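Fold and geometry: a report
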Amino acid sequence: MSRIGKNPVEFPSDITVTANGNVITFAKGKNSVDLDTKGYVTFTIEGNVLTFKNLSDSREHRAFWGTFRALAQNIVTGLITGYEKKLEINGVGYRAAVKGKVLNLQLGFSHDINYELPEGLEASVEKNVITLKSHDKQMLGQAAAEIRSFRPPEPYKGKGVKYIDEHIVRKAGKTAKK
């Protein structure tokens, strides 16, 4: 059984951590992220250390204990270094371009797809690679999944949008009759 909840979350002094009831607010510069614990765990902030404690020894409370600790660590890591995901576009005529806060995708449909980038997400395109950067890990993963869902990679030629480290299992096409 994991005891990840026992580990304290340490954060540098330039990150401000405040508590308001069950909500923990992490702020650094103009970026601010809230973590609502919904009363499933208790927490204490002492100096630059945030510690979580489960309410009881029940299975549910132990699960929330580790989950909220991991979410808090992800928020701190995001505010310090940030997160990045890369998507690769494969296909003839498939293109992407960033115009302000809109990601324009040409993926073989009769129309362009204009994906409105959420606040706090930056995108850049170089050749056939879309790079997404954010301080919020959950928002970054959700945006990457939505962009990939416009044209998921197909198994025969590998055309579509895929994560840069994703492996597409290829299928053999039709074989000629002899």
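Remember, predicted model here, so these are calculated numbers, not experimental data.

A few words on the layout of surface pockets. In this structure, the largest pocket occupies an estimated 220 Å³ of space. Taken together, Lys30, Asn31, Gly78, Gly82, Lys101, Glu119, Gly120, Leu121, Glu122, Lys133, Ser134 and His135 make up the lining of the largest pocket. For the lining of the largest pocket, the secondary-structure elements that each account for two or more residues are β11 (121–126) and β12 (129–134). Its residues assigned to classes, the lining of the largest pocket shows 1 nonpolar, 6 polar and 5 charged. When its volume is computed, the second largest pocket comes out at roughly 160 Å³. Elements with a contribution of two residues or more to the lining of the second largest pocket: β4 (31–36), α1 (59–80) and α2 (137–149). At 3 residues, the largest contribution of residues to the lining of the second largest pocket is made by α1. For the lining of the second largest pocket, a count of residues per class yields 4 nonpolar, 3 polar and 3 charged.

Moving on, we get to the environment of lysine 28. In this fold, lysine 28 is placed in strand β3 (residues 23–28). Residues lysine 28 and proline 12 lie 16 residues apart in sequence; the distance between their C-alpha atoms is 10 Å. When sequence neighbours within four positions are dropped, the list of residues in contact with lysine 28 reads Asp14, Ile15, Leu79 and Ile80. A distance of 3.5 Å separates polar atoms of two side chains, one belonging to lysine 28 and the other to aspartate 14.

Now for the packing of aromatic side chains. Summed over all chains, the structure comprises 4 aromatic pairs. Note on tyrosine 40 and phenylalanine 64: the rings are 4.0 Å apart at their centroids and 5° apart in plane angle, and the pair reads as stacked. Of this pair, tyrosine 40 sits in the loop between β4 and β5 (41–46) while phenylalanine 64 sits in helix α1; the two residues are 24 residues apart in sequence, bridging distant segments of the chain. Judged by relative accessible area, tyrosine 40 falls into the partly exposed class, the value being 28%. The interplanar angle of 25° and the centroid separation of 6.0 Å between the aromatic rings of phenylalanine 64 and phenylalanine 68 together place this pair among those described as stacked. Within this pair, phenylalanine 64 and its partner phenylalanine 68 are both found in helix α1, separated by 4 residues, close to a single helical turn. A connected cluster of aromatic rings, assembled from ring pairs, spans Tyr40, Phe64 and Phe68. The aromatic ring of tyrosine 163 is capped on one face by lysine 85, whose charged end is 5.4 Å from the ring centroid. A cation sits over an aromatic face here: arginine 151 above phenylalanine 109, 4.2 Å from the ring centre.

Looking now at the side chain of arginine 69. The residue arginine 69 is located in helix α1 in this model. Glutamate 10 provides the closest opposite charge to the buried, unpaired arginine 69, separated from it by 8.2 Å. When neighbours within four sequence positions are excluded, arginine 69 is seen to be in contact with Ile4, Gly5, Asn7, Pro8, Val9 and Phe52.

Now for the sheet that holds strand β13 (residues 160–163). Taken in spatial order, the 4 strands make up an open sheet running β11-β12-β7-β13, and their pairing is antiparallel. Every other strand in the sheet has two partners, leaving β11 and β13 as the edge strands with one partner each. Neighbour-to-neighbour, the strand axes of the sheet open up by a mean angle of 25°, direction not taken into account. In terms of strand pairing, β11 meets β12 through 6 bridges, oriented antiparallel. Of the residues in β12, the one forming a bridge with alanine 123 is leucine 132.

Relative to the helices and strands, lysine 171 resides in the segment after β13. In this structure, the C-alpha to C-alpha distance between lysine 171 and tyrosine 156, residues 15 residues apart in sequence, is 5.3 Å. With residues up to four places along the chain from it excluded, the contact list for lysine 171 reads Pro155 and Tyr156.

Scoring rules and cut-offs
- All residue numbers refer to positions counted from 1 along the written sequence of the respective chain.
- In keeping with the predicted nature of the model, local features appear solely for residues at pLDDT of at least 70, side-chain atom pairs appear and are counted solely at 80 or more, and the whole-chain, interface and lining totals rest on all residues.
- Computation of side-chain values: all heavy atoms of the structure, hydrogens and water removed.
- Whether a set of points on the 1 Å grid over the protein atoms alone is a cavity depends on a 1.4 Å probe fitting there but being unable to get out, while an open set qualifies as a pocket with protein on both sides within 12 Å along at least five of seven lines; lining residues are those with an atom within 4 Å of a point.
- Grid points are joined across faces, edges and corners, and a volume is the space filled by probe spheres set on the points.
- Working definition: helices are DSSP H or I runs of at least four residues, strands are E runs of at least two. Numbering for both runs from the N terminus.
- Only Asp, Glu, Lys and Arg are considered charged, only Ala, Val, Leu, Ile, Met, Phe, Trp, Tyr, Cys and Pro nonpolar, and every remaining residue, Gly among them, polar.
- Any two residues having at least one pair of non-hydrogen atoms within 4.5 Å are treated as being in contact.
- What qualifies as a polar contact is a pair of N or O atoms within 3.5 Å, subject to a donor-acceptor requirement within protein and to the restriction that residues adjacent in sequence count only when both atoms come from side chains.
- Any two rings among Phe, Tyr and Trp, with Trp reduced to its six-membered ring, count as a pair given centres within 6.5 Å; such a pair is stacked if its planes are under 30 degrees apart, edge-to-face if over 60, and tilted if neither.
- Here the term buried applies to any residue with accessible area under 20% of the maximum for its type, exposed to any over 50%, and partly exposed to those in between, with areas from a 1.4 Å probe on protein chains only.
- Counted as over-ring charges are cases with an Arg CZ or a Lys NZ within 6 Å of the ring centre that also lie within 35 degrees of the ring normal.
- Just so you know, the count uses Lys and Arg for positive and Asp and Glu for negative, and it drops His and the chain ends.
- In what follows, salt bridge is the name for a side-chain nitrogen of Lys or Arg lying within 4 Å of a carboxyl oxygen of Asp or Glu.
- DSSP bridges decide pairing: two strands pair if at least two such bridges lie between them.
- Only the stretch in contact is used when fitting a helix axis, every axis being a line fitted to C-alpha atoms; angles between N-to-C directions are given from 0 to 180 degrees.

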